[in-house]
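# Working through the structure, step by step
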Amino acid sequence: MIARRVLGAGLSAALLLMLAACGERQSLNSAQPEVLNFSILATENSTSLDTLWRPVLADMEEEIGIPVKPFYGSNYTALIEALRFGQTDVGWFSNLSGLEAVRRADAEIFARTFDPSGEDGYRSVLIATASSGLTLEDVLKCDRTLDFGIGDAKSTSGTLAPMTYLFGPRAIEPERCFKQVRTANHQANLFAVANGVLDVATNNSTAIRLQGERDVINRANGQPTVTDKINVIWESPKLPEDPIVWRKNLDPAVKEKVRQFFLTYGKGEGPEAERQRALLAAISIGGFLPADASHLLPVREMEATEALITARNSRDPARIAQAQAALDVVTAEREALDARAGEAPIISAPAAPVPTP
């Protein structure tokens with residue numbers, strides 16, 4: 001499955017050595033860092049991202065009293081490895097990449113985003129070129145006539161959700177289904193579909209809404225628009241919002257300053273709070289709420305569900321039993337947490353059907 005393979009464009013040995021050297025220069029003990037490096041996935045052009053994030057990071061710098069430097073990574077593997085080797089200290093991750101950061105980079109989740117619309121959660125989607133008239137039924141024919149775009153292997157909405165909810169239950173492997181499969185970020189896939197370079201691609205509701213807001217301005221200025229050139233032909237169940245993580249051995253005093261910044265930013269009334277909320281809204285964030293490892297239970301359940309689907313597709317009884325047992329553990333943990341909280345989960349992984357012979 002695509003979600004399980006290592007991207008060919010992963011970090012080279014030279015880059016890993018560079019990150020290790022950076023980690024040696026910035027000691028991984030709990031001493032207060034001279035600079036706080038904040039990682040951000042470059043889901044679109046890093047220059048435009050920097051324009052949006054820089055004012056927020058400037059506010060963070062003023063609040064915590066330590067210079068804050070952005071670190072833009074072109075894929076989640078780069079961000080995970082940067083955190084692992086001490087090149088970054090805090091970061092904005094997707095859920096799946098955040099889970100990998102916890103597992104591989106000794107990271108902790110301390111906060112998570114919420115949407116400015118007030119809706120808690122977002123959706124993975126499949127988009128097609130509007131002029132093509134393609135439907136989901138056309139895509140699922142798997143006749144190898146379509147060019148397909150998928151997200152980063154560690155992207156929750158770009159890869160894990162469509163594999164778990166759409167392709168996996170139908171025993172579909174994209175590389176055997178489409179004429180070609182390209183891996184790119186959400187913005188690149190969105191533009192590729194809109195311009196007819198790709199027939200269909202994964203994306204998410206947040207990225208499309210952001211582009212739609214930009215298109216309103218583009219239309220008023222007589223500039224080309226994007227979202228009117230695509231159709232959403234499938235959407236997933238609701239997914240949990242993104243986590244904010246830090247390296248576990250970051251200085252405790254710095255952690256507390258960072259925590260207070262995130263949990264108070266954009267809150268309250270008055271011109272300053274309104275200014276902060278406007279900055280966050282530009283990156284489709286309404287603000288931040290406290291979070292911990294339990295935030296990742298839904299994505300762990302999705303991950304285990306995909307593993308069970310893959311095992312059932314293999315028809316190997318031992319693999320199926322092992323995958324089912326792993327899913328049962330995560331499901332029980334999630335249900336116990338829900339019972340204590342007295343509320344329903346954001347998502348619940350679907351049953352994995354046995355493939356038709």
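Below or above, wherever it landed, is the structure these notes cover. (Residues numbered from 1 in each chain as written. Predicted model: local features only at pLDDT ≥ 70, side-chain atom pairs only at ≥ 80, totals over all residues. Heavy atoms only, no water.)

Right, let's get into the sheet that holds strand β6 (residues 147-150). Spatial strand order, β7-β6-β8-β5-β9: five strands in an open sheet with mixed pairing. The outermost strands of the open sheet, each flanked by one partner alone, are β7 (180-183) and β9 (230-235). Adjacent strand axes in the sheet meet at a mean angle of 30° when their direction is disregarded. Across five bridges, the pairing between strand β5 (residues 124-129) and strand β8 (residues 200-204) is antiparallel. Note on β8: the bridge partner recorded for Ala128 is Val200. Contacts from helix α8 (residues 186-194) reach β5, β6, β8 and β9, with the element oriented near 140° to β8. Strand contacts of helix α9 (residues 205-220): β5, β8 and β9, with the helix running at about 90° to β8, the strand carrying the most contacts. (Pairing = 2+ DSSP bridges. Helix = DSSP H or I, 4+ residues; strand = E, 2+ residues; numbered from the N terminus. Axes fitted to C-alpha atoms, helices over the stretch in contact; angles between N-to-C directions. Contact = heavy atoms within 4.5 Å.)

What follows is about the packing of helix α3 (residues 76-84) against helix α4 (residues 95-104). Each pair of packed helices gets described by two things: the angle between the helix axes and the distance between those axes. In the contact formed by α3 and α4, the axes pass within 10 Å of each other and the chain directions differ by 30°. Put simply, α3 runs roughly parallel to α4. By crossing handedness, the relation of α3 to α4 is classed as right-handed. Residues Tyr76, Ile80, Glu81, Leu83 and Arg84 of α3 form the contact with α4, whose own contacting residues are Ser97, Glu100, Ala101 and Arg104. Of the residues assigned to the contact of α3 with α4, the class counts are four nonpolar, one polar and four charged. (Parallel < 35°, antiparallel > 145°, perpendicular 65-115°, else oblique. Left-handed = near helix turned anticlockwise from the far one by under 90°. Nonpolar A, V, L, I, M, F, W, Y, C, P; charged D, E, K, R; others polar.)

Let us look at the nonpolar core. In this structure, Leu126 and Phe178 are the most contacted members of the largest nonpolar core, which totals 39 residues. The element that contributes the greatest number of residues to this core is helix α6 (residues 156-167), accounting for six residues. For Phe178, the contacting residues outside a window of four places in its chain are Val139, Arg144, Leu146, Phe148, Phe167 and Val200. Leu49, Met60, Tyr265 and Leu279 belong to the second largest nonpolar core, which has 29 residues in total. (Core = buried A, V, L, I, M, F, W, Y, C linked by side-chain atoms within 4.5 Å. Buried < 20%, exposed > 50% of the residue type's maximum accessible area, 1.4 Å probe, protein only.)

What follows concerns the pattern of salt bridges. Summed over the entire model, instances satisfying the criterion amount to 20 salt bridges. Across the pair Glu100 and Arg103 runs a salt bridge, and its minimum N-O distance is 3.4 Å. Taken together, the residues Glu100 and Arg103, both in helix α4 and three residues apart, mark about one turn of the helix. Judged by its relative accessible area of 11%, Glu100 is buried. Residue classification places Arg103 among the partly exposed positions, given a relative accessible area of 46%. Residue Glu213 pairs with Arg209 through a salt bridge whose shortest N-O separation is 3.9 Å. (Salt bridge = Lys/Arg side-chain N within 4 Å of Asp/Glu carboxyl O.)

Before going further, it helps to examine the sheet that holds strand β3 (residues 90-92). Within a sheet, neighbouring strands are paired by backbone hydrogen bonds and run either parallel or antiparallel to one another. If you trace the six strands from one edge of the open sheet to the other, you get β2-β1-β3-β10-β4-β11, paired in mixed fashion. In the strand order of this sheet, the two ends are held by β2 (68-73) and β11 (287-290), each with one partner. Strand-to-strand twist across the sheet, computed as the mean angle between neighbouring axes with direction ignored, equals 30°. As defined by bridge partners, strand β4 (residues 107-114) adjoins β11 across four bridges and the pair is classed as antiparallel. Across the sheet, the residue bridging to Ala111 is Pro290, located in β11.

What follows deals with helix α10 (residues 252-264). When the terminal C-alpha atoms of α10 are compared, their 18 Å separation across 13 residues agrees well with the 18 Å that a helix rising 1.5 Å per residue should span. When α10 is considered as a whole, its buried residues turn out to be Val254, Lys255, Val258, Phe261 and Phe262. Along the long axis of α10, the arc covered by the buried residues comes to 130°, so they all point the same way. (Expected span 1.5 Å × (residues − 1). Arc of directions from axis to C-beta.)

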